[in-house]
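So you can see what is in the structure, the chains are spelled out below.
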Amino acid sequence: MLALAERGSMYAPGKLVYMDKIAVGEDAVGVVDLDAPIADNLVKVAKAKGREINDLTAIILDRPRNSSCIEEVRKTGARIRLIRDGDISAAIATAVEDSGIDILIGVGGSPEAVTAACALIALGGEMQCRLWPRDDSEREYAKDAGLDLTEVIVLRQLVDSNDVFFAATGVTTGELLDGVRYLPDGGPRPTPS
């Protein structure tokens with residue numbers, strides 16, 4: 001994956017490599033709120049999509065730091081797609097029709113949030129984030145750097161540019177892209193999409 005924007009327009013929180021995130025596609029823009037309970041967000045996304053909560057799929061990184069998110073989603077009856085990695089493609093999947101993913105929730109990488117933001121701008125989606133320090137040294141770093149750990153960072157704060165480019169290619173098959181296939185009569189060829 002490659003994301004480009006004008007110099008200085010991409011959010012860079014230094015040593016703070018994690019963020020709490022919520023992302024949705026175009027049909028649910030304006031209805032989510034990172035500060036709201038997960039159940040409330042799922043109700044609003046379901047309503048925006050004209051569906052029931054149990055018809056939604058939330059994608060979440062399968063990490064101990066996200067266990068409370070996973071439990072909250074389970075209590076609502078929504079489906080969960082747990083992933084080991086790939087929260088860039090997971091965020092993008094929320095804005096891709098027929099991906100089967102309705103909302104991204106949980107703590108993942110800060111650089112990944114900025115990269116995904118470039119794609120979500122192009123796709124008309126929405127993302128909200130908050131810096132998530134892992135320990136006291138990161139909280140102290142944030143204080144020294146003047147970073148507000150309570151601030152909700154919206155899409156255009158992640159990437160403040162209208163000149164945004166995003167490209168991705170699949171080497172191995174993943175959530176969004178087909179990987180390279182080897183055929184009996186030759187080398188690798190891209191799988192038609």
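Structure shown above.
On a predicted model such as this, the values are computed, not experimentally measured, just so you know.

### Some points on the overall build of the protein chain
Counting its regular elements, the protein chain contains 6 helices and 10 strands. Taking 193 residues into account, the globule formula puts the C-alpha radius of gyration at 16 Å, and the protein chain, at 17 Å, falls close to it. Principal-axis analysis of the C-alpha atoms gives the protein chain an extent of 60 × 40 × 30 Å. Here the protein chain, with 193 residues, has 41% of them falling under the buried criterion.

### Observations concerning the packing of aromatic side chains
As enumerated under the stated definition, the model contains 1 aromatic pair in all. Each ring, one from Y18 and one from W132, has its centre 6.2 Å from the other, and the planes form 85°; the classification is edge-to-face. Here W132 lies in the loop between strand 6 (126-131) and helix 5 (136-145) and Y18 lies in strand 2 (residues 18-24), a separation of 114 residues in the sequence.

### Re the pattern of salt bridges
One pass over the full model with this rule turns up 8 salt bridges. One salt bridge in this structure joins R51 and D102, with 2.9 Å as the shortest N-O distance. Residue R51 is found in the loop between helix 1 (38-49) and strand 3 (57-61), and its partner D102 is found in the loop between helix 3 (87-93) and strand 5 (103-109); the two are separated by 51 residues along the sequence.

### A few points about the environment of I88
Tracing the sequence through the fold places I88 in helix 3. The contacts of I88, once residues within four sequence positions are left out, are M1, E112, T115 and A116.

### Notes on the sheet that holds strand 6
With mixed pairing, the 6 strands of this open sheet are ordered in space as 4-3-5-2-6-7. In this open sheet, the two strands that pair with only one neighbour each are strand 4 (79-83) and strand 7 (153-154). Relative to strand 5, strand 3 is paired through 2 bridges, and the arrangement is parallel. When the sheet's bridge partners are listed, A58 is paired in strand 5 with I103. Contacts from helix 2 (residues 67-76) reach strand 3, strand 4 and strand 5 within the one sheet, and its direction differs from that of strand 4 by about 155°. Lying on the sheet, helix 4 (residues 110-123) is in contact with strand 2, strand 5 and strand 6; it crosses strand 2 at an angle near 25°.

What counts, and where the lines are drawn
Residues numbered from 1 in each chain as written. Predicted model: local features only at pLDDT ≥ 70, side-chain atom pairs only at ≥ 80, totals over all residues. Heavy atoms only, no water. Helix = DSSP H or I, 4+ residues; strand = E, 2+ residues; numbered from the N terminus. Rg over C-alpha atoms; globule rule 2.2 N^0.38 Å. Buried < 20%, exposed > 50% of the residue type's maximum accessible area, 1.4 Å probe, protein only. Phe/Tyr/Trp six-rings, centres within 6.5 Å; stacked < 30°, edge-to-face > 60°. Salt bridge = Lys/Arg side-chain N within 4 Å of Asp/Glu carboxyl O. Contact = heavy atoms within 4.5 Å. Pairing = 2+ DSSP bridges. Axes fitted to C-alpha atoms, helices over the stretch in contact; angles between N-to-C directions.

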